[in-house]
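# Chain and residue survey
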Amino acid sequence: MAVAEIVFSDDLNTKNPDLVPCTPVMQQKLVRLKPQKYSSALAIMKRDETEETVLDMVKKLQTHADAVHGPTHARIAALETQVRELADKIEENHKKLKEDILQISAVQVRGSGTTHKRSLDKKGKENPSAVGLLKVEEQQVTIATSTVHRQQYRTTQDAVIPIYKMILEVKIEVVIPEKERSKEEMSPNGKASPLIYKVNGTARHYHLEEHPIASNPYHNPKDVVEASVCHVKDLENGQMREVDLGCGKALLIKESGEFHAVGHKCPHYGAPLVKGVLSKGRVRCPWHGACFNIGTGDIEDFPGLDSLPRFQVKIEKEKVYIRASKQALQTQRRTKMMAKCISLSNYNLSSTNVLIIGAGAAGLVCAETLRQEGFSDRIVMCTMDRHLPYDRPKLSKSMDSHHEQIALRPKEFFCTYDIEVLTEMQVAAVDVKSKIAVFKDGFKMEYNKLLIATGNMPKTLSCKGKEMENVFNIRTPEDANHVVKLATSKNVVIVGASFLGMEVAAYLAERAHSVSLVELEHVPFKKFFGERVGRAIMKMFENNRVKFYMQTEVSELREQEGKLKEVVLKSGKVLRADVCVVGVGAVPATGFLKQSGINIDSKGFIVVNKMMQTNIPGVFAAGDAVTFPLALRNNKKVNVPHWQMAHMHGRIAALNMLAHGTEISTVPYLWTAMFGKSIRYAGHGEGFDDVVIQGDLDELKFVAFYTKSDEVVAVASINYDPIVSKVAEVLAAGRTIRKRDVETGDMSWLTGKGS
């Protein structure tokens, strides 16, 4: 089938020998389609095209352009008219704007498709001699139309196929002077929480419909509740209290003489923050260690994606009042404001500004942070998984959960904020010189900035029968769901007393006929929690019908009629097995980078600095597949495959893609849940030489301090909340906890009286 192609160019001496300038007649025909960025461009066609083919193509192109898009210049003129009308509206309502939208200092309109600027007088009319300002007060708002982007058309004899997009959008750019960012709207006594929108970073770009600037967040009076919650003397400095506003609760905090009110539940899993730890302007979750700024509600450490809603506080006649949105009181979460992509038409399918390989916590937080910081270019995430990002720790903790139940964000979220996710797409190689990622199917994508967050791949068994049906590595929700279905009232063998193996054993213990666990060590978790804590956990499992086979390995998996029937151990023991789950550890999924030039250590981990940068400019890495300098351990390069750490890696990488120069300084925090008991852990105990235990191991109510030489490097607990979060705050503050501090049982060092 014959194909005609036209290219516009200002360069008449095109280097392509197959292209020649169109005839003057054709130029006249094509003038309506010429992109505005060319002042005197000539249409160039393929040398071997016939005049009839091209003229037919031109006719179809013009018909298509008129029918679908309309005359381009008319659209631009109409858009400029809309902008002028918007300026008139701003002028008419400037008194209201001063109260509701901060204060506007200037309106500047940039033309569409060109770089010239149009000015407005106070009536919104064009004023070519002025600088173009609609003055009100000290703030500045820029209203600009985006460039109209055009691309080539291709046509065949049967149809016109436009490789064409016209983006006609209006964006708002808000620039708040630095002195305004520090101002706070205080209550009459000067002691209440500030209620002011603060820009996080420099100039931000939003679409009009987002309405980002508002000094009064309560647009609907029916959605607002205000209530007196206590007397000013009811709370001392450093105290928190859950207060009921009638249609929901808030967390009231008093610190440094000021009152603050935020949501009372952690948005991650709903932990009561009143039982958490308040320290230096933030509250830390008692369950999983997420941290929130008490003045803004913003999340500052992870896990979790959302922040807390923040409520207005005022003091009248010695009483504390909270004014809050009823909806916010119900949801107890707030998604940070984010930008959208305003230049998708600048890219073709095979190019992006930011490419994120991996769609776990690190990748998603990186993408969200970029949008939160006002990044408005294209972001593409790619993943081998068939699903959008989900809560991976739940695969072994809540095995019958379907993907929709554990999704980190709904599908609509990614559409709203222009975060593209390519599922079932595996990167096979990265060319860092050309900045191109090559996919397994041959597709190539060019990038400007790259984040590698591929995580780990589970190890497999090396024995006979490892490929047999009913032998699982739990990697996806479908894997977990399938195991639960097959294990119900059946015999299950789990190989490996890892976190995954132990969590699966705990989950299946009440569902399966029998659960057997095979482990090479003589105590579970010995290297991580120590022998004494490991034995206490092992006893809890044995009390729940889990049978351990320690200090042995699997030598063979036997089948009957194509399905698993028995697991043979090297000790000679033969275990009946209908299902086998393998949890013997994982290796970094970095094999595709071996020839890339990116620095990878002997174990396959990507080496990054404190800003999550690799040795290649513009290439960052995050999550389970990296080693990074841990400030807590004197910047020793470590690998910390924790869910919380992956979140923080993603955030740090995003900030440094934007040249913020932010270094990672978080304290590692993890948790696991087995038989209704939650084990919490903070710090990095690798290489500990002693364990100091306070409490009762037999009753599973204790705290264990892991020491190296004379210093506490990590802490773990069961039924001892919020001790782990308290220790995490001490370590985050840079304070050293000495072994002698924890040996006596005196916890005064937690309040700052120790080292």
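Here the structure is a predicted model, which is why all the values come from computation and not from measurement. (Residues numbered from 1 in each chain as written. Predicted model: local features only at pLDDT ≥ 70, side-chain atom pairs only at ≥ 80, totals over all residues. Heavy atoms only, no water.)

Along the chain, the regular secondary structure elements total 17 helices and 46 strands. Nonlocal contacts in the chain, meaning residues at least 24 apart in sequence, comprise 63% of its contacts between residues at least 6 apart. (Helix = DSSP H or I, 4+ residues; strand = E, 2+ residues; numbered from the N terminus. Contact = heavy atoms within 4.5 Å.)

In this section: the pairing of strand S12 (residues 239-244). As judged from the six bridges shared by S12 and strand S13 (residues 249-255), these two strands associate in the antiparallel manner. Each residue of the ladder has a partner; that of Val243, found in S13, is Ala250. Taking the residues that link successive antiparallel strands as the turn, the S12-S13 hairpin has four residues, and the phi of Gly246 there is positive, at about 95°. (Pairing = 2+ DSSP bridges.)

Picture the strands of a sheet paired through backbone hydrogen bonds; they go either parallel or antiparallel. Spatial ordering of the open sheet is given by S29-S36-S30-S31-S32, a layout of five strands whose pairing is parallel. At either margin of the open sheet sits one strand with a lone partner, and together these are strand S29 (471-472) and strand S32 (546-550). In this structure, strand S30 (residues 491-495) lies alongside strand S36 (residues 579-582), joined through four bridges in parallel fashion. Bridging from a neighbouring strand, Val492 pairs with Val579 of S36.

Locating Gln330 in the fold gives a position in helix H6 (residues 326-331). Separated by 81 residues in sequence, Gln330 and Lys249 place their C-alpha atoms 8.3 Å apart. Among all residues touching Gln330, those that are not within four sequence positions of it are Cys247 and Gly248. Of note is the side chain of Gln330, whose polar atom sits 2.4 Å from the backbone oxygen of Cys247. (Polar contact = N/O pair within 3.5 Å; in protein donor to acceptor, adjacent residues only side chain to side chain.)

This part takes up the confidence of the model for the chain. In low-pLDDT regions, the fine details of the predicted coordinates are not to be read closely. Counting all residues, the mean pLDDT for the chain is 80, and 70% of those residues have values of 70 or more. Confidence drops under a pLDDT of 50 for residues 62-73, and excluding neighbours within four residues, the segment shows 20 contacts in the predicted structure. Within the model, the stretch residues 97-216 combines pLDDT values under 50 with 297 contacts to residues more than four positions away or in other chains. (pLDDT = per-residue confidence, 0-100.)

Moving on: the sheet that holds strand S23 (residues 419-422). What the five strands build is an open sheet, ordered S23-S22-S21-S27-S39; its pairing is parallel. The strands lining the two open edges of the sheet, one partner per strand, are S23 and strand S39 (619-621). In this sheet, neighbouring strand axes are inclined to one another by 20° on average, regardless of whether the strands run parallel or antiparallel. The pairing of strand S21 (residues 354-357) with strand S22 (residues 379-382) spans four bridges and is parallel. Residue pairing for S22: Leu355 is matched across the bridge by Val380. The strands touched by helix H7 (residues 361-372) are S21, S22, S23 and strand S27 (449-452); relative to S22, the strand with the most contacts, the crossing angle is about 175°. (Axes fitted to C-alpha atoms, helices over the stretch in contact; angles between N-to-C directions.)

With 15 residues, helix H15 (residues 643-657) should reach 21 Å at 1.5 Å per residue; the first-to-last C-alpha distance of 22 Å fits that figure. Summarising burial for H15: 15 of the 15 residues are buried, a large majority. Positive phi shows up at Ala659, right after H15, with a value of about 65°. (Expected span 1.5 Å × (residues − 1). Buried < 20%, exposed > 50% of the residue type's maximum accessible area, 1.4 Å probe, protein only.)

Attention now moves to the environment of Tyr507. By the element assignment, Tyr507 lies in helix H12 (residues 499-508). For Tyr507, a relative accessible area of 12% corresponds to the buried category. When the C-alpha positions of Tyr507 and Val484 are compared, they lie 9.0 Å apart, and in sequence the two are 23 residues distant. If we skip the residues at most four places from it in the chain, Tyr507 touches Ser396, Lys397, Ser398, Met399, Asp400 and Val484.

Quick look at the side chain of Arg409 now. Tracing the chain through its elements places Arg409 in the loop between helix H9 (403-406) and helix H10 (411-416). Side chain to side chain, Arg409 and Asp306 meet in a polar contact 2.9 Å long. Within polar-contact distance, the side chain of Arg409 engages the side chain of Glu368 at 2.8 Å. Those residues in contact with Arg409 that sit more than four places away from it in its chain are Leu305, Asp306, Thr335, Leu364, Glu368, Pro389 and Phe414.

Throughout the structure, instances matching the rule amount to 23 salt bridges. Salt-bridge contacts for Glu242 lead to Lys249; the nearest nitrogen and oxygen are separated by 3.7 Å. Using a relative accessible area of 29% as the deciding quantity, one classes Glu242 as partly exposed. When salt bridges that share partners are traced, they join Glu226, Lys314, Glu316 and Arg323 into one network. (Salt bridge = Lys/Arg side-chain N within 4 Å of Asp/Glu carboxyl O.)

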